[in-house]
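One-letter residues, chain by chain:
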Amino acid sequence: MTKAQQRPLVQEFRLLATPVVLFLLVFLGFPAIVNLIYSVSDVSFETLRQPELSGFKNFVAVWSDSAFWQASWFSFRFGLLTAVLECGLGLFLAIFLSPLIERRSWLMAILMLPLMVAPALVGLMYRLVLHEFVGPVPYYLWTYFGASLSFLGPGSSFWTLVVVETLQWTPFALLLFYMAYQAIPSEIAEASAMDGAKSHHRLWYIELPLMLPTIVVALLIRFIDGFRVFDNVYVLTGSGPGGSTASLSIYIYEAFFKQGAIGKAVAASVILFVVSFAVLYGLNFIASRRKGAIR
Amino acid sequence: MITALRWLVFAIAAFAMNFPILVTLSTSFKSARELSTNPGLWVQSPTLDNYLAVFQVSDRLNIFLYLFNSLSVALIGTVLAVALALPAAYAIARGRLGERTLLPLIVNLRAVPLIIFAIPLYMMFQWLALLDTRLGLGLILTIVNLPLALVILVNAIRDLPSELDEAALMDGASRTQILFRVIAPVCRPAIVTSLIFGFITAWNEFLFGLMLTTSKAVPITVGASFFFAASGGGVQWGVASAVMIVGALPPVLLGLIMYRQISGSMTAGAVKG
């Protein structure tokens, strides 16, 4: 093909990508600019259209707000703990149950069921499950152990939420690991068996290293989703008791809708925006460098 | 012996992970009287009264409206996302356009806490009179669905042999014609997968439904919580359970029927994304 013919083709590709670019400019580009302007402005619901520039007051307000740091710490701890628990459990189940699932794939459908239910609904369901009068968990605890816990009280509410999140999303890790485990060529197992390798040696020295990239990706995805958690926490505990279970998403939501502190909410959004993009691009950069090194 | 142990572990895991669904299902069949005496899993005298109550429309609660809203916003958010992603995916995969800018930007959206765009979008929707409309919520769900749809479609098109395009180019077809006449039909499985996955994600979305709707466009995930505040005498747990089962059913059924496609796309989105 000559250059003259290629030219209109490039333009046609540009044309094909235009709708999505325009869509992103309107629905993400514009909000990003509004975020930046409002974060350095004095603004309330009454003066929404005439923000007055006020420097970095909003950022100072967020930075010195202990609730912001409490929410950041909650999000970080929650994301890390649930990611590790989900991936640990998922890895064990994927490998231990794979002989069963290989032959009967409908077993996987049963295990995947929680992934199809809205996290908000699952959160509401736990309000029933843990309810002190109509909930089965306190009931069975009373019946068999003669005592129950206050699952959503101070001290225990964080761990209740961790269990709720872990039980719903372990299937996600399980599914990814099962697929990765199945993708290991069977020749590897046969060859190592010929060489007399024990099965736990094969697991530790061959199979787990082969699955490592998937494990890293799953940890990362689950950390991110745990870090930005909103739905199930919001319907289960609100942010209480005493703001102890407010994630960063809930902090921003409440600053805006409950306190009307628009400037603070927007400044917190900008901080989160900058941090997440920096981390994501950093990770992309590392990933592409490593790919390059292997080539 | 080891097989028995595997079955035991499977049973415990399946029971624990599906426990809230089982409890809700069982509670939805209990009468108000049984609820106060029997909090256990087993239903002694099952009744459909709770479901009948759920489908009773009152001036405060209207489950048909919530279900219809969820259906409409999920359809808008899914179809629009695929319609935007398909041409872009073709330009990225074949024209190598934006491979280092547009693609990572959109894929990273999957990992960004979307709350950071929520407040300006709320203001923008106020100006555009899109608050509490199905179209408005559908547009937001398009953003939510865009990353995975794009990843799935880019991967699908990359896997196609480029001879397919070249043969059509020789015949004098334009790129747009090739996309719709050659590529789209071959990519149908990938398109269907992104539609199913997007529908489930959109149906289950809660945060933007909570923020951007108040009455007319409330989706079922938000509407379900209205039933918890219903009536003066505390929560009617039987009715609340029936609402949750009804609200969870569409994505669960879709997921169970299509779980092979979904498991494939989850892995694709995770590993290559």
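All values reported here derive from a predicted model rather than from experimental measurement. (Residues numbered from 1 in each chain as written. Chains lettered and ligands numbered in written order. Predicted model: local features only at pLDDT ≥ 70, side-chain atom pairs only at ≥ 80, totals over all residues.)

Engineer: For this particular structure, what's the right way to read the nonpolar core?
Structural biologist: General note: in soluble globular proteins, nonpolar side chains tend to be found buried as a group. Ranked by size, the top nonpolar core spans 163 residues in total, and within it Phe-177 of chain A together with Ala-85, Ala-89 and Leu-153 of chain B carry the most contacts. A per-element tally of this core places helix α5 (residues 63–94) of chain B first, with 17 residues. In this structure, Leu-153 of chain B is in contact with Ala-85, Leu-86, Ala-89, Cys-187, Ala-190 and Ser-194 of chain B, ignoring residues within four places of it in sequence. (Core = buried A, V, L, I, M, F, W, Y, C linked by C-beta atoms within 7 Å. Buried ≥ 20, exposed ≤ 12 C-beta atoms within 10 Å, placed from the backbone. Helix = DSSP H or I, 4+ residues; strand = E, 2+ residues; numbered from the N terminus. Contact = placed C-beta atoms within 7 Å.)

Engineer: Would you mind going over helix α7 (residues 115–127) of chain B with me for this structure?
Structural biologist: Residues that lie three or four places apart on an α-helix share one face, since the helix turns once every 3.6 residues. All names here are of chain B. Helix length check: α7 (13 residues) gives 19 Å between terminal C-alpha atoms against 18 Å at 1.5 Å per residue, within 8%. Taken as a whole, α7 carries its principal kink of about 25° at Leu-121. Where α7 is concerned, the buried positions are Ile-115, Ile-116, Phe-117, Ala-118, Ile-119, Pro-120 and Leu-121. One or two steps after α7, the chain reaches Ala-129, where phi turns positive at roughly 55°. (Expected span 1.5 Å × (residues − 1). Bend = angle between axes of the 7 residues up to and from the residue.)

Engineer: What am I meant to see in the interface of chain A and chain B here?
Structural biologist: A common way to express how large an interface is: the accessible area buried when the components associate. Each side of the interface is counted separately: chain A has 73 residues, and chain B has 71 residues. By residue number, the principal contributor to the side of chain A that touches chain B is helix α1 (residues 3–39) of chain A, which donates 16 residues. Partitioned by chemical class, the residues of the side of chain A that touches chain B number 61 nonpolar, eight polar and four charged. (Nonpolar A, V, L, I, M, F, W, Y, C, P; charged D, E, K, R; others polar.)

Engineer: Is there a simple way to explain unusual backbone geometry in this structure?
Structural biologist: Negative phi characterises most residues that are not glycine, and trans characterises most peptide bonds. Residues and elements named next belong to chain B. A positive phi is found at Arg-96, a non-glycine position, where the angle reads about 50°. Of note, Arg-96 is situated in the loop between α5 and α6 (102–109). Taking the number of C-beta atoms within 10 Å as the measure of exposure, Arg-96 has 11 and is therefore exposed. Even without a glycine there, the phi angle at Ala-129 is positive, about 55°. Judged by local crowding, Ala-129 falls into the exposed class, with 9 C-beta atoms found within 10 Å.

Engineer: Is there a simple way to think about the packing of helix α5 (residues 119–129) of chain A against helix α2 (residues 19–28) of chain B in this case?
Structural biologist: The geometry of a pair of packed helices is captured by two quantities: the angle between their axes and the separation between those axes. Look at α5 of chain A against α2 of chain B: their axes get within 9 Å of each other, and the N-to-C directions meet at 65°. The angle between α5 of chain A and α2 of chain B places the two elements in the roughly perpendicular class. The crossing of α5 of chain A and α2 of chain B is left-handed. Across the interface between the two elements, Val-122, Met-125, Tyr-126, Leu-128 and Val-129 of chain A of α5 of chain A pack against Phe-19, Pro-20, Ile-21, Val-23, Thr-24 and Thr-27 of chain B of α2 of chain B. Looking at the contact of α5 of chain A with α2 of chain B residue by residue, the class counts come to nine nonpolar, two polar and no charged. (Axes fitted to C-alpha atoms, helices over the stretch in contact; angles between N-to-C directions. Parallel < 35°, antiparallel > 145°, perpendicular 65-115°, else oblique. Left-handed = near helix turned anticlockwise from the far one by under 90°.)

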